Amino acid sequence: MKGVDAMLLAIEVADTRDDWQSFGTWGGLADEAVKAAWSGDDKRASELMVQVRLALRASPDLISPDKARFWDAMRKQYQAEVGGGAGFVPDATASFMERAQAIAVSPAEARTLPAP
């Protein structure tokens, strides 16, 4: 149509985010925590994991259920990488965030998560 201004809007609503690894500082902090733990600096590693949790909690890009879900996945990944896991061998080509996403959620955990 000539002479008519128009604007197309699309609004999307999601219960959870699937792109959480693409923003925020928590991925880099988690990588640094693992490196610190591997080098024997457990105090620094612990401090960095606290920073990861604070960064997740402060993120305006995440909703509360995602903050808890991502923290749980990252905490499990950290424990697996620094000796709390059952035979996990880190893949040097994957980032911490990619490895954390690969952790399967138990059936009990799945019941507490919102539907995708």
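Since this is a predicted model, take the numbers as computed values, not measurements.

1. Digging into the overall build of the protein chain
Within the protein chain one finds five helices and zero strands. If you list the helices and strands of the protein chain from N to C, you get α-α-α-α-α. Burial analysis of the protein chain (116 residues in total) assigns 30% to the buried set. Long-range pairs, those at least 24 residues apart, make up 61% of the contacts in the protein chain between residues at least 6 apart in sequence.

2. Quick look at the nonpolar core
Counting 18 residues, the largest nonpolar core has W26, M49, V52, L56, M74 and Y78 as the members making the most contacts within it. Of all the secondary structure elements, the ones that give two or more residues to this core are α1 (26-38), α2 (42-58) and α3 (64-84). Element by element, the count of residues in this core is highest for α1, at seven residues. In this view, V52 contacts W26, L29, A30, W71 and M74; residues no more than four positions away in its chain are not counted.

3. Some details on the side chain of D66
Looking at the secondary structure, you find D66 in helix α3. On the basis of relative accessible area, D66 is assigned to the buried category, the value being 0%. Within the local environment of D66, its side chain forms a polar contact with the side chain of R69, the two groups lying 2.9 Å apart.

4. Brief notes about the environment of Q79
Residue position: Q79 is located in helix α3. Distance from Q79 to V34, taken between C-alpha atoms, is 9.0 Å for residues 45 residues apart in sequence.

5. Here we look at the side chain of K67
Mapped onto the secondary structure, K67 falls in helix α3. At 3.3 Å, the side chain of K67 forms a polar contact with the backbone oxygen of S59. Not counting residues within four places of it along the chain, the set of residues in contact with K67 comprises L56, R57, S59 and L62.

6. Considering α2
Here α2 is 17 residues long and its end C-alpha atoms lie 24 Å apart, about the 24 Å a rise of 1.5 Å per residue gives. Those residues of α2 not exposed but buried are A45, L48, M49, V52, A55 and L56. The arc that holds every buried residue of α2, seen down its axis, measures 120°, which confines them to one face. Away from the buried face of α2 by more than 90 degrees, exposed residues K43, R57 and A58 are located.

7. Details of the packing of α1 against α2
Closest axis-to-axis distance for the α1/α2 pair is 8 Å, and the angle between their directions is 165°. Comparing their axes, α2 and α1 come out roughly antiparallel. Both α1 and α2 take part in a crossing whose hand is left-handed. For the pair α1 and α2, contact is made by W26, L29, A30, E32, A33, A36 and A37 and by D42, R44, A45, L48, M49, Q51, V52, A55 and L56, respectively. When its residues are assigned to classes, the contact of α1 with α2 shows 12 nonpolar, one polar and three charged.

Here is what the cut-offs are and how they apply
- Residues numbered from 1 in each chain as written.
- Predicted model: local features only at pLDDT ≥ 70, side-chain atom pairs only at ≥ 80, totals over all residues.
- Heavy atoms only, no water.
- Helix = DSSP H or I, 4+ residues; strand = E, 2+ residues; numbered from the N terminus.
- Buried < 20%, exposed > 50% of the residue type's maximum accessible area, 1.4 Å probe, protein only.
- Contact = heavy atoms within 4.5 Å.
- Core = buried A, V, L, I, M, F, W, Y, C linked by side-chain atoms within 4.5 Å.
- Polar contact = N/O pair within 3.5 Å; in protein donor to acceptor, adjacent residues only side chain to side chain.
- Expected span 1.5 Å × (residues − 1).
- Arc of directions from axis to C-beta.
- Axes fitted to C-alpha atoms, helices over the stretch in contact; angles between N-to-C directions.
- Parallel < 35°, antiparallel > 145°, perpendicular 65-115°, else oblique.
- Left-handed = near helix turned anticlockwise from the far one by under 90°.
- Nonpolar A, V, L, I, M, F, W, Y, C, P; charged D, E, K, R; others polar.

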